[in-house]
Amino acid sequence: MPRETVSHEEGAIYEFTPDLDPIATVDSGTQITIETRDSLDGAVQTDEDLIESVPEEVNAATGPIAVSGAEPGDVLAVEIEAVRLAEDRGRVVTIDGFGLLDGREEIEAPRTTVTPVADDTSPDAEAVTDTVIEFGDHEVAVDPCIGTIGVAPASESYTTLVPHDHGGNLDTTDVSAGNTIYFPVFQDGAMLAMGDSKAAMADGEMCGTGAEIATDIDVTVAVIDGDDVAVDLDRPLIETAETWKTVASAETMEAACELANLDAIDLLAAEHGFDPTEAYMFSSLVGGLEISQVVDPLVTVRNAIPKTHCRGPF
């Protein structure tokens, strides 16, 4: 099956709503290249370009893409095969009113540091394959991830700055090449959209951004019939080579941890026939809470379960 291309030039959203109209429709099993622009829409190209406040529209997500046959109750699997840098620089910014240390006297906001991609040889290149970005005199390994990715939500609408059960602005480093992210389907067609990529980002995204950059993303999408899933999937789930990671977002870290742990014990109970308390106790032995981000309107965490203890729900 030939790979299809969907570009942000064809359409991008700044809000995940229940009634999205697709810019493209594909079959389950389709390979797609999704072209994205940086989260600040190209507004920052030099250190002198400052973002005074959080833009009204931020984190453009290319799409939405309808997947034929996806119905509420199903699961949409998005296998991420590659995330390629599509420009020669990223940008890290602080913004007044945003970030973990917002308001502290010693933190300057707004401020910008452009992070050139090392050894870029052609300004006309379609993609950059260098392995580092430069932060002043320091080199940081390129390890791209997708910041915003999700499907149409069940009933309420969420801007692309907000994470929730539909996905959205998860800012999770595991949403990267080699991994698969699964979403509950709330609307016909699922309505997948993604963008807000980072050339590099630490867990937590403390200052409010990673190295924001345009990317070309290769994915394969597939619909999983809800009847074939061992647990009811209420929120995103990430599969890596070695783990299953439940992903949850909430107003507080504690609430997000609770949701991620509840999802983890559902997986463990289905796998081993545990009652809820046994699964809860076992999760305290084999699970592992990880912080995704602490700067968006909701915080996001994940709970990692090794595949040695869980084969997964599919």
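Check the entry above for the structure.
Presented here is an overview of the structure given in this document. (Residues numbered from 1 in each chain as written. Predicted model: local features only at pLDDT ≥ 70, side-chain atom pairs only at ≥ 80, totals over all residues. Heavy atoms only, no water.)

Focus on unusual backbone geometry
Now for step 1: With omega at 5°, the peptide bond leading from glycine 63 into proline 64 counts as cis.
Now for step 2: With respect to the helices and strands, the residue proline 64 is situated in strand 6 (residues 61-67).
Now for step 3: Residue proline 110 is reached from alanine 109 by a cis peptide bond, and omega for that bond is 10°.
Now for step 4: Within the secondary structure layout, proline 110 lies in the loop between strand 8 (89-94) and strand 9 (111-116).
Now for step 5: Backbone geometry at asparagine 59 places phi at a positive 65°, although glycine is not the residue there.
Now for step 6: When you line up the elements, asparagine 59 lands in the loop between strand 5 (31-36) and strand 6.
Now for step 7: Even without a glycine there, the phi angle at glutamate 205 is positive, about 50°.
Now for step 8: Among the structural elements, glutamate 205 can be located in the loop between strand 17 (192-198) and strand 18 (215-224). (Helix = DSSP H or I, 4+ residues; strand = E, 2+ residues; numbered from the N terminus.)

Concerning the environment of glycine 11
Now for step 1: Relative to the helices and strands, glycine 11 resides in the loop between strand 1 (4-7) and strand 2 (12-13).
Now for step 2: The exposure class assigned to glycine 11 is buried, which follows from its relative accessible area of 15%.
Now for step 3: In this structure the C-alpha to C-alpha distance between glycine 11 and methionine 281, which are 270 residues apart in sequence, comes to 46 Å.
Now for step 4: Once residues within four sequence positions are removed from consideration, glycine 11 is found in contact with Ile23, Thr62 and Gly63. (Buried < 20%, exposed > 50% of the residue type's maximum accessible area, 1.4 Å probe, protein only. Contact = heavy atoms within 4.5 Å.)

Points about helix 1 (residues 253-272)
Now for step 1: Along its 20 residues, helix 1 runs 28 Å from first to last C-alpha, staying within 8% of the 28 Å computed at 1.5 Å per residue.
Now for step 2: Turning to helix 1, its buried residues number three or more, namely Ala256, Cys257, Ala260, Asn261, Asp263, Ala264, Ile265, Leu267, Leu268 and Glu271.
Now for step 3: Taken from the residues just after helix 1, glycine 273 is the one with a positive phi, measuring 75°. (Expected span 1.5 Å × (residues − 1).)

Let's talk about the pairing of strand 7 (residues 75-85)
Now for step 1: The buried count for strand 7 comes to eight of 11 residues, which makes it a mostly enclosed element.
Now for step 2: Where strand 7 meets strand 16 (residues 180-184), five bridges bridge the pair, whose relative direction is antiparallel. Looking across to strand 16, one finds that valine 78 is bridged to isoleucine 181.
Now for step 3: For strand 7 and strand 18, the ladder comprises 10 bridges, and the chain directions are antiparallel. Looking at strand 18, one finds that leucine 85 is bridged to threonine 215. (Pairing = 2+ DSSP bridges.)

Things to note about the side chain of lysine 245
Now for step 1: With respect to the secondary-structure elements, lysine 245 resides in strand 20 (residues 243-250).
Now for step 2: A distance of 2.9 Å separates the side chain of lysine 245 from the side chain of aspartate 174, its partner in a polar contact.
Now for step 3: Excluding its chain neighbours within four sequence positions, the residues that come into contact with lysine 245 are Asp174, Pro236, Leu237, Ile238, Thr240, Glu290, Arg302, Asn303 and Ala304. (Polar contact = N/O pair within 3.5 Å; in protein donor to acceptor, adjacent residues only side chain to side chain.)

Section: the nonpolar core
Now for step 1: If you look at the biggest cluster of nonpolar residues, it comprises 28 residues, and the most contacted ones within it are Leu76, Val78, Ile149, Ile181, Met194, Val219 and Val221.
Now for step 2: Elements represented by at least two residues in this core include exactly strand 4 (24-26), strand 5, strand 6, strand 7, strand 12 (145-150), strand 16, strand 17 and strand 18.
Now for step 3: Ranked by residue count, the leading element in this core is strand 7, at four residues.
Now for step 4: When residues no more than four places from it in sequence are discounted, the contact partners of valine 221 are Val26, Asp27, Ser28, Gly29, Thr30, Ile32, Val67, Leu76, Ala77, Val78 and Leu192.
Now for step 5: Val75, Ala77, Leu267 and Leu268 belong to the second largest nonpolar core, which has 18 residues in total. (Core = buried A, V, L, I, M, F, W, Y, C linked by side-chain atoms within 4.5 Å.)

Overview of the state of the cysteines
Now for step 1: Scanning the entire structure with this criterion turns up zero disulfides.
Now for step 2: Among the cysteines around cysteine 207, which has no disulfide bond, cysteine 145 carries the closest sulfur, lying 13 Å off.
Now for step 3: The cysteine cysteine 257 is free of any disulfide, with cysteine 310 supplying the nearest cysteine sulfur at 19 Å. (Disulfide = S-S within 2.5 Å.)

Some words on the sheet that holds strand 7
Now for step 1: Reading across from one edge, 1-5-18-7-16-19-20-22-21 is the order of the nine strands in this open sheet, with mixed pairing throughout. Strand pairing shows two members of the sheet lacking a second neighbour, strand 1 and strand 21 (289-293), which therefore form its edges. Taking the axes of each pair of neighbouring strands and ignoring which way they run, one obtains an average angle of 30° across the sheet.
Now for step 2: Sheet analysis places strand 20 next to strand 22 (residues 299-306), joined by eight bridges and oriented antiparallel. Its bridge partner being in strand 22, alanine 248 is matched across the sheet by valine 301. (Axes fitted to C-alpha atoms, helices over the stretch in contact; angles between N-to-C directions.)

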